[in-house]
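# Chain and residue survey
Single-letter residue listing:
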Amino acid sequence: MVNNEKNSCHARMSEHLSTNGIKPAVEMKKYIWKWMLAVCVLAACMASTAFAAGWTTGQGENSSRWWYDLGNGQYYGSPASKAEWQWLDGNGDGVAECYAFDSEGWMYADVTTPDGYAVNADGAWTVDGAVQTMTVTAGYAGTGTQAPQTNADRKRILIAYFSHTGTTEEAAQKIQAAAGGDLFEITVTNSYPSSYQSTVDRARQELDQNARPELSSRVENMEDYDVILLGYPIWWHTAPMAVDTFLESYDLSGKVILPFCTSGGSSIEESMPDIRSLGQSRGASVGSGLTANSLDREKIVEWLGENGVLQE
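Residues numbered from 1 in each chain as written. Predicted model: local features only at pLDDT ≥ 70, side-chain atom pairs only at ≥ 80, totals over all residues. Heavy atoms only, no water.

## A closer look at the environment of lysine 155
Residue placement: lysine 155 occurs in the loop between β9 (133-135) and β10 (157-161). Lysine 155 gets classed as partly exposed once you look at its relative accessible area, which sits at 31%. Expressed as a C-alpha distance, the spacing of lysine 155 and glycine 308, which sit 153 residues apart in the sequence, is 9.9 Å. (Helix = DSSP H or I, 4+ residues; strand = E, 2+ residues; numbered from the N terminus. Buried < 20%, exposed > 50% of the residue type's maximum accessible area, 1.4 Å probe, protein only.)

Here it is as structure tokens:
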């Protein structure tokens, strides 16, 4: 009877403890272990998230090699390209170096890359032994991890170009592939002749007369753009006069103009005084120019970065 009363009492107490949220000893231990396990898993997940992105070393025979983890199952390097270049600010000081990744995602180091550029033992692009750098937002991790811009932040880009032989058009297309934006061809009503010498003579005459050739194309929504990437060949050490007509045809207040040129021997600098004067007279600011005879994505991105224009 006494034992039965004890057993009954114990049963009622266990039931009482359970219904009041207090676990019996065994169940409490299980609960504690489950709680600790959950905390450990959560901590591991948080650590994994915090340290997933960034420079990562290989394992085993690749322990001396590096790749760049974007933290979303992606990494730099493409099977379709022998060298993918990216500007990366690994130490967050606002100065990025440029690195190349092979088709499997490994960083090139202490070699000449397949596209002909030298990288040092740390993987940074060098010219005559000097590491090339670019000022960026602190912690910049290349194009693959740029935060999406809101519609309010997005710089709307127009790539306007004059091209007689197609060379400048090709450069404009490469720039569009890297920068985004809309292409617009500046064309004249009275086309230039196919003969090289006849074109040279007409260009000289227009320059001497400070002429403004009539254009047959027009940007109907110029007010929609913040940045104009302006391309042209160098004729007689400056831009063709059709480019002058283009700039004087619009109110460019508040816009940024970044010129680029193609040329057989001259650099962009020869044309910059004229472009700067015309652009500023229409209310625009004019950034640095780019001689675009030989272009790759890295060169374009560097130019845009120097002028504060990067678009996803």
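From this point, the discussion proceeds with the structure in view.
## Concerning the packing of helix α3 (residues 167-179) against helix α7 (residues 297-306)
Taken N-terminus to C-terminus, the directions of α3 and α7 make an angle of 70°; their axes are 9 Å apart at the nearest point. Considering the angle they form, α3 stands roughly perpendicular to α7. Here α3 and α7 pass one another in a crossing that is right-handed. Along the contact surface, α3 presents Lys174, Ile175, Ala177, Ala178 and Ala179, while α7 presents Arg297, Ile300, Trp303 and Leu304. Its residues assigned to classes, the contact of α3 with α7 shows 7 nonpolar, no polar and 2 charged. (Axes fitted to C-alpha atoms, helices over the stretch in contact; angles between N-to-C directions. Parallel < 35°, antiparallel > 145°, perpendicular 65-115°, else oblique. Left-handed = near helix turned anticlockwise from the far one by under 90°. Contact = heavy atoms within 4.5 Å. Nonpolar A, V, L, I, M, F, W, Y, C, P; charged D, E, K, R; others polar.)

## Regarding the packing of aromatic side chains
Across all of its chains, the model carries 16 aromatic pairs by this definition. When the centroid spacing of 6.2 Å and the interplanar angle of 70° are considered together, the rings of tryptophan 87 and tryptophan 125 count as edge-to-face. Residue tryptophan 87 is located in strand β3 (residues 84-88), and its partner tryptophan 125 is located in strand β7 (residues 125-127); the two are separated by 38 residues in the primary sequence. Take tryptophan 87 and tryptophan 125: they sit in the same class, and that class is buried. Aromatic rings pair up to connect Trp55, Tyr68, Tyr76, Tyr99 and Phe101 into one cluster. In this arrangement the basic side chain of arginine 202 is found over the ring face of tyrosine 192, its NZ or CZ atom lying 3.8 Å from the centre. (Phe/Tyr/Trp six-rings, centres within 6.5 Å; stacked < 30°, edge-to-face > 60°. Lys NZ or Arg CZ within 6 Å of the ring centre and 35° of its normal.)

## Here we look at the nonpolar core
Within the largest apolar cluster, 32 residues are counted, with the highest numbers of intra-cluster contacts made by Leu230, Tyr232, Phe246, Leu247, Ile257 and Ile275. Within the residue set of this core, elements represented by two or more residues are β10, β12 (227-233), α5 (241-248), β13 (256-262) and α6 (272-281). Not counting residues within four places of it along the chain, the set of residues in contact with leucine 230 comprises Ala160, Ile186, Val243, Phe246, Leu247, Ile257, Leu258, Pro259, Phe260 and Ile275. (Core = buried A, V, L, I, M, F, W, Y, C linked by side-chain atoms within 4.5 Å.)

## Thoughts on the pairing of β13
The buried fraction of β13 is high, at 6 of 7 residues. Both β12 and β13 contribute to a ladder of 7 bridges, which runs parallel. When the sheet's bridge partners are listed, leucine 230 is paired in β13 with proline 259. As a crossover connection, the stretch from β12 through α5 into β13 is right-handed. (Pairing = 2+ DSSP bridges. Right-handed = clockwise from strand over helix to strand, strands pointing away.)

## A word on α3
A rise of 1.5 Å per residue sets the reference length of α3, with its 13 residues, at 18 Å; its end C-alpha atoms lie 18 Å apart and thus fit the reference within 8%. Buried residues of α3: Thr168, Ala171, Ala172, Ile175, Ala178 and Ala179, and no others. End-on view of α3: buried residues confined to an arc of 125°, all on one side of the axis. Contact partners of the buried residues in α3: β10, β11 (182-185), β12, β13 and α7. One or two positions beyond α3, positive phi appears at glycine 180, with a value near 75°. (Expected span 1.5 Å × (residues − 1). Arc of directions from axis to C-beta.)

## Brief notes about the pattern of salt bridges
Pairs can form between side chains of opposite charge once their charged atoms are near each other. A full pass over the atoms with the stated rule returns 7 salt bridges. Of the charged contacts, one joins glutamate 248 and arginine 212 as a salt bridge, the two residues approaching to 2.9 Å between their closest N and O atoms. Within this pair, whereas glutamate 248 is found in helix α5, its partner arginine 212 is found in the loop between α4 (196-208) and β12, the two being separated by 36 residues in sequence. Overall, the relative accessible area of 35% leaves glutamate 248 in the partly exposed class. Under the relative-accessibility criterion, arginine 212 is labelled partly exposed at 31%. In this structure, a network of salt bridges that share partners links the residues Arg212, Asp244 and Glu248. (Salt bridge = Lys/Arg side-chain N within 4 Å of Asp/Glu carboxyl O.)

## What about the confidence of the model for the protein chain?
The pLDDT averaged across the protein chain works out to 81; a share of 77% of its residues lies at or above 70. Considering only residues more than four positions removed or in separate chains, one finds that residues 1-24, a stretch of pLDDT under 50, has 3 contacts. pLDDT under 50 marks residues 146-153. Its contacts with residues more than four places away, or in other chains, come to 10 contacts. (pLDDT = per-residue confidence, 0-100.)

## Quick notes on the pairing of β3
Burial of β3 is extensive: 4 of the 5 residues sit out of reach of the surface. Relative to strand β4 (residues 95-101), β3 is paired through 5 bridges, and the arrangement is antiparallel. Bridge pairing in β4 places glutamate 84 opposite phenylalanine 101. Turn length for the β3-β4 hairpin, with the two strands adjacent in sequence and antiparallel, is 6 residues, and the turn residue glycine 92 shows positive phi of about 70°.

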